Amino acid sequence: MKKKTPNLFVTKPILPPFEDFICSLEKIWESGIITNNGPFHQEFELALSKYLGVKNISAFNNGTLALLTALQALDIKGEVITTPFSFVATTHALWWNKIKPVFADIEPDYFTLDPAKIEAAITNETTAIMPVHVYGNPCRLAEIDEIAQKYGLKVIYDAAHAFGVEINGKSINNYGDLSVLSFHATKVFNTIEGGAIVSHYPAMKKHIDHLKNFGFEDELTVVGPGINAKMNELQAAYGLLQLNTIEESIRKRKAITLAYREALANVSGITFLKDTDGVKHNYAYFPILVDERTYGISRDGLYDRLKKNNIYGRRYFYPLISQFPPYNDMESANTANLSIAYEVAGKVLCLPIYPDLELSVVTDIAEIISKNANSR
Ligand SMILES: Cc1ncc(COP(=O)(O)O)c(C=O)c1O
């Protein structure tokens, strides 16, 4: 590549057309309703449930509060089995609820929780499993469901990366007791900050809606110790506009993924994930694994090489959550228990991917990665 590219980050948020958002803002200014289950909030929840193909959805002001609330809604206590290979919010949500996280290892193909390791980690204190559809890749749903049934455990999926992912035409958010989304700026679908909980029954949605509004059932009745996690009208109006372009965004992400896969197919020591049959992927991330022995350069070496070219990949998810305090002293955080997670965390690098990323830039990035590397 002759000239340096401008700074390229791992992601770049899609914003709705400015004029359209101004129209929405005018409506908000006219109504004077800016939060508390206003008209945009109501319309957004309906539009979201239609787009995703789910029955009950509660919008939140971010994904972390949605996770915290999901655990409260099911009254989860004791120990919860979860993955170390995720963003810290997954485990922090347990910690804030005074629940003990128990880490289990991931499987090597899609980096989601290994069902056999989940089963092995169950104790008398285990009440739930909190798996993550990491990078938008579906967890081993049927096996996790079977374990949950067998041991009477709840399942809360952290689906922060999995907006729009479907399995055989069915939303991934229909799996588990609850499924939690994030609409943070870095995600496939964003409301600047935002999130949601998908539940199966109207009564559970009602319960969650009370919890996200201080526990208020009506003007005079508080049914429990809720929190303030409501999505406001500006976020909801912005989100409604985002739904108009989400399919196009996912199409563009797919084209970028295919371009990366083609350009990197013959670089020895670089591997990447494949699509799964029957899954509509959302192409949220493009993680590669760098095998230093065959590629000739370490993951961190490649990370630095890209950085010198103004390309800022991210080492998601390194370090593992289990390596951070307060989790690093826990028994389940030890290296031997999490050998696959450690291996993947040491090799992974997420390359830039967002709808506006030009395919010619993808070729440039792949060229930098291929330079001096051994060919297959
Ligand atoms: C896996 C995962 N869980 C939870 C969260 C928290 O979501 P939020 O940033 O919307 O609070 C994020 C990302 O931000 C995430 O990547």
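Residues numbered from 1 in each chain as written. Predicted model: local features only at pLDDT ≥ 70, side-chain atom pairs only at ≥ 80, totals over all residues. Heavy atoms only, no water.

Visitor: I keep staring at the packing of aromatic side chains and nothing clicks. Help me out?
Guide: Two numbers describe a pair of aromatic rings. These are the distance of the centres and the angle of the planes. Counted under the stated rule, the structure contains 21 aromatic pairs. Taken together, a centroid distance of 5.6 Å and an interplanar angle of 85° make the contact between Phe21 and Tyr238 edge-to-face. Taken together, the positions of Phe21 in helix α1 (residues 18–31) and Tyr238 in helix α8 (residues 233–243) put the pair 217 residues apart, joining distant regions of the chain. What makes Tyr238 buried here is its relative accessible area of 6%. Considering the side-chain rings of Phe85 and Phe111, the 5.8 Å spacing of their centres and the 75° angle between planes classify their relative orientation as edge-to-face. (Phe/Tyr/Trp six-rings, centres within 6.5 Å; stacked < 30°, edge-to-face > 60°. Helix = DSSP H or I, 4+ residues; strand = E, 2+ residues; numbered from the N terminus. Buried < 20%, exposed > 50% of the residue type's maximum accessible area, 1.4 Å probe, protein only.)

Visitor: Help me understand the site of the ligand in this model?
Guide: Within the structure, the ligand sits among 15 residues, and Gly63, Thr64, Asp158, Ser182 and Lys187 are positioned closest to it. At a separation of 2.6 Å, an oxygen atom of the ligand approaches a polar side-chain atom of Thr64. His161 places a side-chain nitrogen or oxygen 2.8 Å from an oxygen atom of the ligand. In the complex, 92% of the free accessible area of the ligand, which totals 380 Å², lies under the protein chains. Put simply, the parts of the chain that give the shell around the ligand at least two residues each are α3 (63–73) and α4 (89–96). A total of 3 residues in the shell around the ligand trace back to one element, the largest contributor, which is α3. The class makeup of the residues in the shell around the ligand is 4 nonpolar, 9 polar and 2 charged. (Near = heavy atom within 4 Å. Polar contact = N/O pair within 3.5 Å; in protein donor to acceptor, adjacent residues only side chain to side chain. Areas by Shrake-Rupley, 256 points an atom, 1.4 Å probe, with all protein chains shown as cover. Nonpolar A, V, L, I, M, F, W, Y, C, P; charged D, E, K, R; others polar.)

Visitor: Can you walk me through the environment of Ile129 in this structure?
Guide: Summarising the element assignment, Ile129 is placed in strand β5 (residues 126–130). Take Ile129: its relative accessible area is 0%, and that puts it in the buried class. In contact with Ile129, other than residues within four places in its own chain, are Val80, Ile81, Leu113, Ile118, Ile144, Ile147, Leu153, Lys154, Val155 and Ile156. (Contact = heavy atoms within 4.5 Å.)

Visitor: Could you clarify how one ought to interpret the sheet that holds strand β14 (residues 279–280) in this entry?
Guide: Strand pairing within a sheet occurs via backbone hydrogen bonds; the two strands may be parallel or antiparallel. A sheet is described by the order of its strands in space; here 3 strands give the open sequence β8-β7-β14, paired in antiparallel fashion. Among the strands making up the open sheet, the edge pair consists of β8 (170–171) and β14. For strand β7 (residues 166–167) and β8, the ladder comprises 2 bridges, and the chain directions are antiparallel. In the sheet register, Glu166 faces β8, and the bridge partner there is Ser171. (Pairing = 2+ DSSP bridges.)

Visitor: Looking at this model, I keep getting lost on a nonpolar patch on the surface. Mind explaining?
Guide: There is a patch of nonpolar side chains on the surface, built from Phe214, Phe216 and Val222 and spanning about 250 Å² of accessible area. Judged by its relative accessible area of 47%, Val222 falls in the partly exposed class. (Patch = residues over 30% accessible without salt bridge, like charges linked within 9 Å, V, L, I, M, F, W, Y side chains within 5 Å. Salt bridge = Lys/Arg side-chain N within 4 Å of Asp/Glu carboxyl O.)

Visitor: So what exactly am I meant to see when it comes to the sheet that holds strand β13 (residues 270–272) here?
Guide: What the 3 strands build is an open sheet, ordered β13-β15-β17; its pairing is antiparallel. Edge positions in the sheet fall to β13 and β17 (348–351), since each has one partner strand and no second. Taken over all neighbouring pairs, the strand axes of this sheet differ in orientation by 35° on average, direction set aside. Alignment of strand β15 (residues 286–290) against β17, held across 4 bridges, turns out to be antiparallel. Bridge assignment links Pro287 to a residue of β17, and that residue is Cys350. (Axes fitted to C-alpha atoms, helices over the stretch in contact; angles between N-to-C directions.)

Visitor: I tried to follow the packing of α3 against helix α7 (residues 202–211) on my own but got confused; where do I start?
Guide: Angle between the axes and distance between the axes: these two values describe a pair of packed helices. Where α3 contacts α7, the axes come no closer than 10 Å and their chain directions differ by 125°. The angle between α3 and α7 falls in the class oblique. Taken as a pair, α3 and α7 cross one another with a handedness that is right-handed. Taken together, the residues of α7 that come into contact with α3 (itself represented by Thr69, Gln72 and Ala73) are Met204, His207, Ile208 and Leu211. (Parallel < 35°, antiparallel > 145°, perpendicular 65-115°, else oblique. Left-handed = near helix turned anticlockwise from the far one by under 90°.)

Visitor: Quick question: what am I supposed to make of α1 here?
Guide: Note: α-helices contain 3.6 residues per turn, so residues at a spacing of three or four share the same orientation. Under the 1.5 Å per step criterion, the end-to-end length of α1 is 20 Å for 14 residues, consistent within 8% with the ideal 20 Å. Inspection of α1 places Phe21, Ser24, Leu25 and Ile28 among the buried residues, and these make up the whole buried set. One side of α1 holds all its buried residues, which, seen down the axis, span an arc of 105°. When the buried face of α1 is taken as reference, the exposed residues oriented beyond 90 degrees from it are Glu19, Lys27, Trp29 and Glu30. Looking at the packing, one finds that the buried side of α1 touches α2 (39–52) and α8. (Expected span 1.5 Å × (residues − 1). Arc of directions from axis to C-beta.)

Visitor: When you look at the nonpolar core in this model, what are you seeing that I'm missing?
Guide: General note: in soluble globular proteins, nonpolar side chains tend to be found buried as a group. Phe44, Phe85 and Tyr135 are the most contacted members of the largest nonpolar core, which totals 75 residues. With 6 residues, the top contributor of residues to this core is α8. Beyond its immediate chain neighbours, meaning those up to four positions away, Phe44 contacts Ala59, Phe183, Phe189, Thr191, Met231, Ala236, Gly239, Leu240 and Leu243. Core analysis: the second largest hydrophobic core is formed by 25 residues, Phe286, Tyr303, Val362 and Ile368 among them. (Core = buried A, V, L, I, M, F, W, Y, C linked by side-chain atoms within 4.5 Å.)

Visitor: How do you make sense of the pairing of strand β3 (residues 79–82) when you look at a structure like this?
Guide: Each regular strand shows side chains that alternate between the opposite faces of the sheet. Covered by surrounding structure in β3 are Glu79 and Ile81 together with Val80 and Thr82, the residues of both alternating faces. As defined by bridge partners, β3 adjoins strand β4 (residues 100–103) across 4 bridges and the pair is classed as parallel. Across the sheet, residue Ile81 finds its bridge partner in β4, namely Val102. Each parallel crossover has a hand, and for β3 linked through α4 to β4 it is right-handed. The sheet contact formed by β3 and β5 spans 4 bridges and is parallel. Paired with Glu79 across the two strands is Thr126, which belongs to β5. (Right-handed = clockwise from strand over helix to strand, strands pointing away.)

Fair warning: the whole summary comes from geometry, so function is off the table for now.
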